[in-house]
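Spelled out from the first residue to the last, the chains are:
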Amino acid sequence: MNRYLGLNPHRYGDLFINLTAFRALKRLDPGCHVTMAINGDYREAAPLFLDQDCIDRIHITHSPIGGFDAVDMEWIKSQQFTHVFDPMQDHSHAHPWFLTGRNQPQEVAFMHGIPIAADETGKLTLNRWFQPSAGFEQYVAFHGFAGSHGPNRKMFTPERAQEIVNLIESKGYRVLQLGIPSEPKLDNTLRLDTDYFTSVKNVLGCKGLLTGDSGVCWMASCYDFPTVGVYSHDYYGEANVRAIQPINRNARYLSAPNVNDVPLADISAALDNLLS
């Protein structure tokens, strides 16, 4: 039996994006054993990957982020894996990957040399073995400050984010604000200090999700959770930004060079569709 360790263990979004490659690996080698590596800083997401058909074991690394450290390498040697995928595998820079026709989950498989079949579309799925949190039925979850590198074109300004909160309220819903404590607290929102797994259960208990380009959008797509995603297409181009937008039959995506340039009226219309 072949035993594999992989794939990209850091960043919440990357953990979900790995799923297409994991399933392709199981198709190619049905009797194999797959261990999913998760860097220590992202251990709170681990419960989401329990009881999945493409993952046999989860290993939390000693390294908090960025692949494997010396302690991890000693553990890896003791496990006698058939193959260990490079945890820091990068895109081929011969040409922009998003011009190939592959979406991001398909690209991860390609980067690691895992062939995908024609029907492996990059649609992510997870078995939801847990129940969403109760008490959030009249809430819309909102992640306004996507991105971890300060103000950027995919992050709403605090002023724009507050306008969106007010818009959601005007439609008769409360707002569950997602994010980290260092981000601005928006008026008239509920922001809870919880672990990541609990936060996911809270989101899935809401009426829907409004987010920028973030890991939570990939998570929501695994359950086809109703989502409005607002993206910057400054880097990818308007025609190609779909490569980084999760396949979700209940999602509506909007984009502009800067997310703050997406008309509020368009966001309102997308919300109406989500909330109907």
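Quick note: structure is the one above.
Residues numbered from 1 in each chain as written. Predicted model: local features only at pLDDT ≥ 70, side-chain atom pairs only at ≥ 80, totals over all residues. Heavy atoms only, no water.

## Thoughts on the overall build of the protein
Then, number 1: A count of helical and extended segments in the protein gives 8 helices and 9 strands.
Then, number 2: Over its C-alpha trace the protein gives a radius of gyration of 19 Å, about what one expects of a compact globule, namely 19 Å for 276 residues.
Then, number 3: Burial analysis of the protein (276 residues in total) assigns 53% to the buried set.
Then, number 4: Across the protein, every contact between residues at least 6 apart in sequence was considered, and the portion connecting residues at least 24 apart equals 64%. (Helix = DSSP H or I, 4+ residues; strand = E, 2+ residues; numbered from the N terminus. Rg over C-alpha atoms; globule rule 2.2 N^0.38 Å. Buried < 20%, exposed > 50% of the residue type's maximum accessible area, 1.4 Å probe, protein only. Contact = heavy atoms within 4.5 Å.)

## Quick word on the sheet that holds strand β9 (residues 251–256)
Then, number 1: Spatial strand order, β6-β5-β7-β8-β9: 5 strands in an open sheet with parallel pairing. Edge positions in the sheet fall to β6 (174–177) and β9, since each of these pairs with one other strand and no more. Averaged over all pairs of adjacent strands, the angle between strand axes in this sheet comes to 20 degrees, irrespective of strand direction.
Then, number 2: Bridge count between strand β8 (residues 227–232) and β9: 6 bridges; the pairing is parallel. Residue pairing across strands places Val-230 opposite Leu-254, the latter belonging to β9. (Pairing = 2+ DSSP bridges. Axes fitted to C-alpha atoms, helices over the stretch in contact; angles between N-to-C directions.)

## Regarding the sheet that holds strand β2 (residues 33–38)
Then, number 1: Strand order in the open sheet made by the 4 strands is β3-β2-β1-β4, with parallel pairing throughout. Every interior strand has two partners, whereas the edge strands, β3 (57–60) and β4 (83–84), have only one.
Then, number 2: Judged from the 4 bridges that link them, β2 and β3 form a sheet pairing that is parallel. Note that in β3 the partner of Thr-35 across the bridge is Arg-57.
Then, number 3: Against the sheet, helix α2 (residues 19–28) touches β1 (3–6) and β2, its axis set at about 165 degrees to β2.
Then, number 4: On top of the sheet, helix α3 (residues 70–79) reaches β1, β3 and β4; it is set at about 150 degrees to β3, its chief contact.

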